[in-house]
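# Understanding the architecture of this molecule
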Amino acid sequence: MTRQSLRLAEVALWTLTLVSVLTARRLFDSWDYLPLWLILAAGGHATAAVTRRQRWPMAIAATIGLVLLAISVSLALYSDTLLAGLMPTAATVRQAAADIAAAWDAFGIVEAPTAATPGFLLVGGAIIWLGAVAADTAAFRGRLLIEAMLPSLIMLAFVGALGTDGWRIRSAAFMVVACVAFAAAHGIHHTGGWVQIGPARRRRVSVPMRTALRFGGIVAVGAALIVPLLPGTDAPAIMSWKDFDGTATASRVTISPLVNAQGRLTGVSGGELFRVRAERPAYWRVSGLGRFDGTVWGSEQLYSDAAELLSAPPPGDYLRQEVTVAALDSIWLPAAFEPVAYDGPHALYDAESGALVTDHSMELEPGFSYTVSSAIRVPSVAALVSATDDVPSEIAENYLELPEGFNERVVELAAEVTADVSGPYAKSLALQNFFLENFAYALRVPSGHDTERMEQFLFEDRRGYCEQFSGTYAAMARAVGLPSRVAVGFTPGDLVDGEYIVRGEHYHAWPEVWIGGRWVYFEPTPGRGAPGAVVYTGVAPQQVVSGDPEAAGEAGSGFIGALGLDDLEGTSGNLEGFVDVLDTEGSNQATGSWADWVVIPFYAMAAVAGVWLISVPAVVRLRRALHHRRARGNPRATVEASWHDVAERLFEIGLDQRRAETHSEFATRVDRRLRMDASELASLAAATQEACFAADPPSPQTVVSARLDAHSLEARIRSGRSYWDRVATACRPIALTAGPRSRHRNGARLSEQYVGTDAG
């Protein structure tokens, strides 16, 4: 075993983990997952390597690893909940628990490729970290080969079972190469002997490595060329994991688009997502979410062929939209509600939620285009006022349900807000106005829309963004008997040369209430207003201030009232709305943004690394200088200090003096292991034994000779190592303890009793 072979084996294992992380791209619809998972993979391996080299017990190493994992994930995903910007708090735990619960619910229905939601990032990143630690422990503590490769192979199997078909052969081929390279490096490290310091070691190690890589390359290329040609490669699966009960269809199931709304609003807010050529603006809707489990608003609807359901527009007024995708990384196809005709690449549609999605095998590449015709029917105030509370049984069953044990404070507040009005329209309007008059729009607030976050939003913060406004409104509406759901999509965007340019900052969510046999928009979010809906909502068409996704417009804008509102019994005649933008300074960042995943951890690690690179070598030099200063004027201590300098250098390359070993015996063992001319080391060992055990102190000639021998030996040991090897050794944590460890060996403490006794 050599330090060089150890580094080769570690690099090979890290590469194996890197390949497994890259293959996970088949699970997601973008590369957004990659920065965080790469950081966690590197953190897991680095933690395991440092604790292993320090020879810390597994219990201590595991504890340190879990603490660092918690801090890393919290910095990346929940920076707004941290104490002093570093330590997780109870709010961090609650938010993480909510994201994990949402991910668990989504896992049962989602189909790859899916969005990289905080829950998926958290769970997957933790597994990556723990897998890296387990692989390192098995490879270098337990010297186990197959067990060390097992975490990466499990990841490959998981991705193969649930991921898309793209890159499946290539990912397997890369995994073969990585496994073969690691197996070769692992075998070289644990079976190779000590060899002479210098180029000979590199030649003896690299020859088997080159052979292994060539063999692995041939196997990988052969697999990539031959496997696709084998019979049955393109055949359907023998058993579908989504169809254990035999009831699944070819329809696509999706995760809630409301998850990670905050990241969508701020992560790519300035970039163009898509553009729409249409005669008039509308909310470009992607889905309606009718299921609320207390954690997340979602949908369990299945999708069927859009060409069959949306064949041709019926007679009447409808809006034709020509949509061109620029950088939309989701599977949803935006369209005004309610689509009646679709023309374009193969797509799927769900009539109940009004959602269009891409086919399984299709991705929204730049330039992807389609045409949708939608029937836009603005309800009249008279029709809404005359609507009764009668609700069809299927609507009541699907859109009135609240989770068991739903928050009683929220239910009581909903009843209080609607106590003075009657009828579904009046109640819906009262709820909308309650939010517009008493709440403010802000992005830098905790994310999520679960029951606990809802209570905090209503009774403490009283500010939030569309996710909180729409989700809370829909839950309160259900609490007073109004069938409701959350719609997700985009506001119209900026009109440029007859086209509406839609960016990430236009992402939006709003509630829909079932009134008089149809779904009706309402707008509780300050600073937002649907085109055409002002006649019954009293909210003028408005959207985000371009370039500032946190702005909600000028105070009082939008909420203006309309004909018919004053005739409603119990409705206040004061329609001067309240729209405020509170001070949004703080540390909360957009969950899931690249800034959180990359910039913050990168700068933190860079700062720590910079301080470490400067401080560790400085501390080592200072320690050695103080050691020699204390020995000044004492011949015994001076000779022993020279021996300690050489012993420390030998300790750095893995040669340590045993407790039951004399200095001369150690010098002989070093000669056998390094095959170097040991005359100087033997002379220094003899002088050190004389200094430690002889009755008389060593002569001045012996002291000078010991110094010269030590300088020569240190130079020889240093010349046999590469520059980067010396730098790495000087900056390792073990460098801080190498000196004390090398001194506290057999007989090494004996000289302490002579310090000061022979001076002068």
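Up top is the structure.
This one's a predicted model, so the numbers in the text were calculated from it and none came from an experiment. (Residues numbered from 1 in each chain as written. Predicted model: local features only at pLDDT ≥ 70, side-chain atom pairs only at ≥ 80, totals over all residues. Heavy atoms only, no water.)

### Notes on the packing of helix α1 (residues 3-23) against helix α2 (residues 34-53)
Our working definition: Axis definition: a line fitted to C-alpha atoms, over the contacting stretch in the case of helices. Angles run 0 to 180 degrees between N-to-C directions. Counting from the N terminus, the helices are DSSP H or I runs at least four residues long and the strands are E runs at least two residues long. Angles below 35 degrees are treated as roughly parallel, those above 145 as roughly antiparallel, those between 65 and 115 as roughly perpendicular, and all remaining angles as oblique. Crossing handedness is defined as follows: a turn of the near helix away from the far one that is anticlockwise and smaller than a right angle gives a left-handed crossing, while the clockwise case is right-handed. In what follows, residue pairs with any heavy atoms lying within 4.5 Å of each other are defined as contacts. Asp, Glu, Lys and Arg are counted as charged, while Ala, Val, Leu, Ile, Met, Phe, Trp, Tyr, Cys and Pro are counted as nonpolar; the rest, among them Gly, fall into the polar class.
Their axes nearest at 10 Å, the elements α1 and α2 cross at an angle of 155°. Comparing the axis directions of α1 and α2 gives the class roughly antiparallel. For α1 against α2, the interelement crossing comes out right-handed. The residues of α2 that touch α1, namely those facing R3, L6, R7, E10, L13, W14, T17, L18, V21 and L22, are L34, W37, L38, A41, A42, H45, A46, A49, R52 and R53. Partitioning the contact of α1 with α2 into residue classes produces 13 nonpolar, two polar and five charged.

### Examining the sheet that holds strand β5 (residues 304-305)
Quick reminder of the rule: When DSSP finds two or more bridges between two strands, those strands count as paired.
The strand order β5-β9-β10 describes an open sheet built from three strands, whose pairing is antiparallel. Whereas interior strands pair on both sides, the edge strands pair on one side only; in this sheet they are β5 and β10 (355-358). Both strand β9 (residues 347-350) and β10 contribute to a ladder of four bridges, which runs antiparallel. Counted as the bridge partner of A347 is T358 from β10.

### Details of the sheet that holds strand β1 (residues 272-277)
An order of β8-β11-β6-β1-β16-β15 is seen for the six strands of this open sheet, with the pairing classed as antiparallel. Looking at strand neighbours, the two that pair on one side only are β8 (339-343) and β15 (494-496), the edges of this open sheet. With strand direction ignored, the average angle separating the axes of adjacent strands in the sheet is 30°. Of the strand pairs in this sheet, strand β6 (residues 319-325) and strand β11 (residues 369-374) are connected by six bridges, and their pairing is antiparallel. Among the inter-strand pairings, R320 is bridged to a residue of β11, identified as S373.

### Some points on the pairing of β6
Remark: a regular strand shows side chains that alternate across the two faces of the sheet. For clarity, the cut-off: Throughout, exposure labels follow a simple rule: accessible area from a 1.4 Å probe, protein chains only, divided by the maximum for the residue type, with under 20% read as buried, over 50% as exposed, and the rest as partly exposed.
Only one face of β6 is covered, namely the one carrying L319, Q321, V323 and V325; the face carrying R320, E322 and T324 has none of its residues buried. Here β1 pairs with β6 via four bridges, running antiparallel. The partner of R275 across the bridge, within β6, is T324.

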